[in-house]
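One letter stands for each residue in the lines below.
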Amino acid sequence: MVFVDTIKNSVEELVGSAVKIFPALLTSIIIIFLTRFAAQFAQTLAQNIAKRTVSSKSLQFLMAKIASTVTWVFGILLACVIAFPGLRLGDIIATLGLSSVAIGFAFQDIFKNFLAGILILLQQPFRIGDQIIVNDYEGTVDQIDIRTTQIITYGGERVVIPNSTVFTSVVQVRTAFDHRRTDLAVGVDYNTSLSQASDILEQTISQVQGVLDKPAPEIDLVSFGDSSIDFIIRYWTSPQQKQVRHAKTRAILSIKQAFDKADINIPYPIRTLYYYNQDKYNDYMPASDDGNASSQADFDHNYS
């Protein structure tokens, strides 16, 4: 009988406790349910504000995600406090602080990339669509996430680079400005009139499709080569890699045609070869008249 009474009392206590905490649990569930709609509203509101104030799409995405995450954190904390009245907000914050330290050590690389991604999005050293070089990788920026930066190489391959690597490396932004310079070397033989060649080059390069008028092309004489006098043609094009390649191809074709028309040669490398009878030479002593090496005695006699 005592055993039955004990079970009965335990059940009554559980039911009583459940009845007491049921309103708090129900309220917490309702808060979490409402938090979902609040997070969506906060994300939409932050995204609309970001579109008006920030031009970077990646930064707009970051602001929207932060607003949604903050709303969820606040809603979950409020639900926990209501569901468990004995749980104080200070205890939750202290627990989160200790947990963040442990998580920080375990996921330090992830957090490092996260912070680097935020700084990249805020500073905007490059944007989506820019063509950049990071270490050994070159291509067009396709996406900037919180953790990684993705570029598409000119060969059609996707390269995913951690943001910490991008942030700490030298990044060459090839499309940072509206124009980009190309240096094209060409040589003429030593019998060519340099003033004539310079005029032809200047006229030819200025008429090439894709070469910009401003800044104007420049023709420089740079060196006396082994078999030619060397020019450098400096001209400007649009910064995109495709435009640079096409303009360079058209420039080479036009220069070759102009030089052929003016009877100006682009010389091949010239090498001069000397032939002699090696039997008459010795690395250690002069050779005798009959082609054989002299004896050591003759060598000593002649040079004593």
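Quick notes on the rules
Residues numbered from 1 in each chain as written. Predicted model: local features only at pLDDT ≥ 70, side-chain atom pairs only at ≥ 80, totals over all residues. Heavy atoms only, no water. Pairing = 2+ DSSP bridges. Helix = DSSP H or I, 4+ residues; strand = E, 2+ residues; numbered from the N terminus. Core = buried A, V, L, I, M, F, W, Y, C linked by side-chain atoms within 4.5 Å. Buried < 20%, exposed > 50% of the residue type's maximum accessible area, 1.4 Å probe, protein only. Contact = heavy atoms within 4.5 Å. pLDDT = per-residue confidence, 0-100. Axes fitted to C-alpha atoms, helices over the stretch in contact; angles between N-to-C directions. Phe/Tyr/Trp six-rings, centres within 6.5 Å; stacked < 30°, edge-to-face > 60°. 1 Å grid on protein atoms, 1.4 Å probe; cavity = no way out; pocket = protein on both sides within 12 Å on 5 of 7 lines; lining within 4 Å. Points joined across faces, edges and corners; volume = space filled by probe spheres on them. Polar contact = N/O pair within 3.5 Å; in protein donor to acceptor, adjacent residues only side chain to side chain. Expected span 1.5 Å × (residues − 1). Arc of directions from axis to C-beta.

Direction of pairing for strand S7 (residues 218–224) relative to strand S8 (residues 229–237): antiparallel, over a ladder of 6 bridges. Of the residues in S8, the one forming a bridge with Ile219 is Ile233. Between the end of S7 and the start of S8, which pair antiparallel, lie 4 residues.

As a further point, take unusual backbone geometry. A cis geometry characterises the amide bond from Lys214 onward to Pro215, with omega recorded as -5 degrees. Looking at the secondary structure, you find Pro215 in the loop between helix H6 (194–206) and S7. Unlike most non-glycine residues, Gln124 shows phi in positive territory, near 55 degrees. The backbone phi angle of Asp263 is positive, close to 60 degrees, even though this residue is not glycine.

We now examine the nonpolar core. It is characteristic of soluble globular proteins that their nonpolar side chains tend to be buried jointly. Grouped together as the largest cluster of nonpolar side chains are 20 residues, with contacts concentrated most on Leu201, Ile205, Ile233, Tyr235 and Phe259. Looking at this core, the elements that each hand over two or more residues are strand S6 (180–188), H6, S8 and helix H7 (241–261). Counting residues per element, this core draws most heavily on H7, which supplies 5 residues. In contact with Ile233, other than residues within four places in its own chain, are Thr182, Asp183, Leu184, Val186, Leu201, Ile205, Glu218, Ile219 and Ile255.

Overall, the predicted model of the protein chain reaches an average pLDDT of 80, with 74% of residues at or above 70. Mean pLDDT in the protein chain bottoms out at helix H8 (residues 296–303), which sits at 46, and peaks at S8, which reaches 96. The low-confidence segment residues 293–304 (pLDDT under 50) makes 12 contacts with residues lying over four places distant or belonging to another chain.

Here the focus is the sheet that holds S6. Spatial ordering of the open sheet is given by S6-S8-S7, a layout of 3 strands whose pairing is antiparallel. Unpaired on one side and paired on the other, S6 and S7 mark the two borders of the sheet. Within this sheet the neighbouring strands show an average axis-to-axis angle of 25 degrees, counted without direction. Sitting on the sheet, H6 touches S6, S7 and S8, and the angle it makes with S8 is about 20 degrees. Where H7 meets the sheet, it contacts S6 and S8, and its direction lies at approximately 25 degrees from that of S6.

Further remarks concern the packing of aromatic side chains. Per the counting criterion, the structure on display carries 2 aromatic pairs. Judged by centre distance (5.2 Å) and plane angle (70 degrees), the rings of Phe33 and Phe37 are edge-to-face. Of the two residues, Phe33 and Phe37 both sit in helix H1 (residues 2–53), 4 residues apart, roughly one turn of that helix. Accessibility expressed as a relative area gives 44% for Phe37, which makes it partly exposed. For the pair Tyr190 and Phe224, a centre-to-centre distance of 6.3 Å together with 15 degrees between the ring planes defines the contact as stacked. Placement of the pair is Tyr190 in the loop between S6 and H6 and Phe224 in strand S7, with a sequence separation of 34 residues.

Quick look at the layout of surface pockets now. To locate leftover empty space, one rolls a probe as large as a water molecule over the atoms. Of the volumes computed, that of the largest pocket is approximately 180 Å³. Around the largest pocket, the lining residues are Leu62, Lys65, Ile66, Thr69, Val70, Val73, Phe114 and Ile146. When residues of the lining of the largest pocket are assigned to their parent elements, the largest contribution, 6 residues, is made by helix H2 (residues 57–83).

With respect to the element layout, Arg234 can be found in strand S8. One polar contact links Arg234 to Asp220, side chain to side chain, over a distance of 2.8 Å. Leave out the neighbours within four places in its chain, and Arg234 touches Arg181, Thr182, Asp183, Ala216, Pro217, Glu218, Asp220 and Val222.

Taking 1.5 Å per residue, 21 residues should reach 30 Å; H7 reaches 31 Å between its end C-alpha atoms and fits that length. For H7, the full list of buried residues reads Gln241, Val244, Ala247, Ala251, Ile255, Ala258 and Phe259. Projection of H7 onto a plane perpendicular to its axis shows the buried side chains occupying an angular sector of 120 degrees, all on one side. Counted as exposed and oriented over 90 degrees from the buried face of H7: Gln257 and Lys261. Taken together, the buried residues of H7 touch strand S1 (131–134), strand S2 (137–144), S6, H6 and S8. Within two residues after H7, Asp263 carries a phi angle of roughly 60 degrees, on the positive side.

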